[in-house]
Amino acid sequence: KANIDNEDTNTSTSTSTSSSDQVVESNTIEESLTEKLIREIDGAYAEESKLPESSTTVGMVELADKYTQKWQQVADEYYNKILEFDGIITPNENYYSSEDLHTFVSNMKTNWEKYNQVQCENYLKTLQTIYGAGTIVGPIMADYEYEMQKEWALQLVGIYQQLYID
């Protein structure tokens, strides 16, 4: 069996010989961790949003909150995995210890939490300016918070992946 990997597209071609000596070829696409998480969480969110109970204002907010929590779990998991990293990082001939990494990532988290809070407050004020006290504000805001949490989780997943790819 021979494997030929193409790094740019994450595809591989496998060729094998069956018992009847016929050549069988199959192409597979390897899904990155980020793509897998997006497919699973966003896919489930999209599917659940089609349900009748998700069509009410309360249902939309509850659904967005449920999936925001899923992204929060991903963020927490990968934040902790990064903090468990114990090694030396040497980009561009600089030396960084795992303790340096832990400090940088902890600072990122603190700054992201502040940024996220301010962004959400400002976005809410903007929505209230546009819609007043309309019921649409809740679902739009819940979806915004979902997207913000997803972005943070994917940043952490990306950092984690780079630690083990480089």
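Residues numbered from 1 in each chain as written. Predicted model: local features only at pLDDT ≥ 70, side-chain atom pairs only at ≥ 80, totals over all residues. Heavy atoms only, no water.

1. Re the nonpolar core
What counts is decided by this rule: The definition of a nonpolar core used throughout is a set of buried Ala, Val, Leu, Ile, Met, Phe, Trp, Tyr and Cys residues joined through side-chain atoms within 4.5 Å. Only protein chains enter the area calculation, which uses a 1.4 Å probe; residues under 20% of their type maximum are buried, those over 50% are exposed, and those in between are partly exposed. The secondary structure listing takes helices from DSSP runs of H or I that are at least 4 residues long and strands from runs of E that are at least 2 residues long, numbered from the N terminus. The contact rule is simple, with two residues in contact once any of their heavy atoms fall within 4.5 Å.
Core analysis: the largest hydrophobic core is formed by 24 residues, its most contacted members being Trp 71, Val 74 and Leu 156. Breaking this core down by element, the ones donating at least two residues are helix H1 (33-49), helix H2 (57-84), helix H3 (98-131) and helix H4 (137-165). Tallying contributions element by element places H2 first for this core, with nine residues. Beyond its immediate sequence surroundings of up to four residues, Leu 156 is in contact with Ala 75, Tyr 78, Tyr 79, Ile 82 and Val 105. Counting six residues, the second-largest nonpolar core is a separate cluster that includes Val 137, Met 141, Tyr 144 and Met 148.

2. A closer look at H1
What counts here: By this rule the span expected of a helix is its residue count minus one, scaled by 1.5 Å. The directions from the helix axis to the C-beta atoms form the arc being described.
The end-to-end C-alpha distance of H1, which contains 17 residues, comes to 24 Å, matching closely the 24 Å that a straight helix rising 1.5 Å per residue would cover. Within the span of H1, buried status applies to Leu 37, Ile 41, Asp 42 and Tyr 45. Axial view of H1: buried residues confined to an arc of 90°, hence all on one face.

3. Some thoughts on the side chain of His 102
What counts is decided by this rule: Under this definition, polar contacts are N or O atom pairs within 3.5 Å; protein pairs additionally need one hydrogen-donor-capable and one acceptor-capable atom, and for neighbouring residues in sequence, both atoms have to be side-chain atoms.
Its place among the elements puts His 102 in helix H3. At 2.9 Å, the side chain of His 102 forms a polar contact with the backbone oxygen of Leu 83. Within polar-contact distance, the side chain of His 102 engages the backbone oxygen of Phe 85 at 3.0 Å. Aside from chain neighbours lying at most four places away, what touches His 102 is Ile 82, Leu 83, Glu 84 and Phe 85.

4. Here we look at the environment of Gln 149
Summarising the element assignment, Gln 149 is placed in helix H4. Here the alpha-carbon distance between Gln 149 and Thr 68, two residues 81 residues apart in the chain, equals 6.2 Å. Ignoring any residue separated from it by four or fewer positions in sequence, one finds Gln 149 in contact with Thr 68, Trp 71, Gln 72, Ala 75 and Trp 112.

5. Details of a nonpolar patch on the surface
Applied cut-off: Patch membership needs two things, relative accessible area over 30% and no salt bridge, and members are linked within 9 Å if like-charged or within 5 Å if nonpolar (Val, Leu, Ile, Met, Phe, Trp, Tyr). Method for areas: the Shrake-Rupley scheme with a 1.4 Å probe, in which residue coverage is limited to the protein chains shown. Any Lys or Arg side-chain nitrogen found within 4 Å of a carboxyl oxygen on Asp or Glu counts as a salt bridge.
Together, Ile 130, Tyr 131 and Ile 136 give the surface a local cluster of nonpolar side chains, amounting to about 290 Å² of exposed area. If you trace the backbone, Ile 130 turns up in helix H3.

6. With respect to H3
The first and last C-alpha atoms of H3 sit 48 Å apart over 34 residues, in line with the 50 Å expected at 1.5 Å per residue. Those residues of H3 that fall on the buried side of the exposure criterion are Ser 98, Leu 101, His 102, Val 105, Trp 112, Asn 116, Cys 120 and Leu 127. Taken from the residues just after H3, Gly 132 is the one with a positive phi, measuring 65°.

7. Quick look at the packing of H1 against H2
The test is simple: Axis definition: a line fitted to C-alpha atoms, limited for helices to the stretch in contact. Angles are taken between N-to-C directions and run from 0 to 180 degrees. Here the word oblique covers every angle except those under 35 degrees (roughly parallel), over 145 (roughly antiparallel) and from 65 to 115 (roughly perpendicular). The crossing is said to be left-handed when, going from far helix to near helix, the turn is anticlockwise and less than a right angle, and right-handed when the turn is clockwise. By the convention adopted, Pro, Cys, Tyr, Trp, Phe, Met, Ile, Leu, Val and Ala count as nonpolar, Lys, Arg, Asp and Glu as charged, and the other residues, Gly among them, as polar.
Here H1 crosses H2 at 165°, and the two axes come no closer than 10 Å. Classified by the interaxial angle, the pair formed by H1 and H2 is roughly antiparallel. Crossing of H1 over H2 shows right-handed handedness. Along the contact surface, H1 presents Leu 33, Leu 37, Ile 38, Ile 41, Asp 42, Ala 44, Tyr 45, Glu 48 and Ser 49, while H2 presents Leu 63, Ala 64, Lys 66, Tyr 67, Lys 70, Trp 71, Val 74 and Tyr 78. Classifying every residue of the contact of H1 with H2 by side-chain character gives twelve nonpolar, one polar and four charged.

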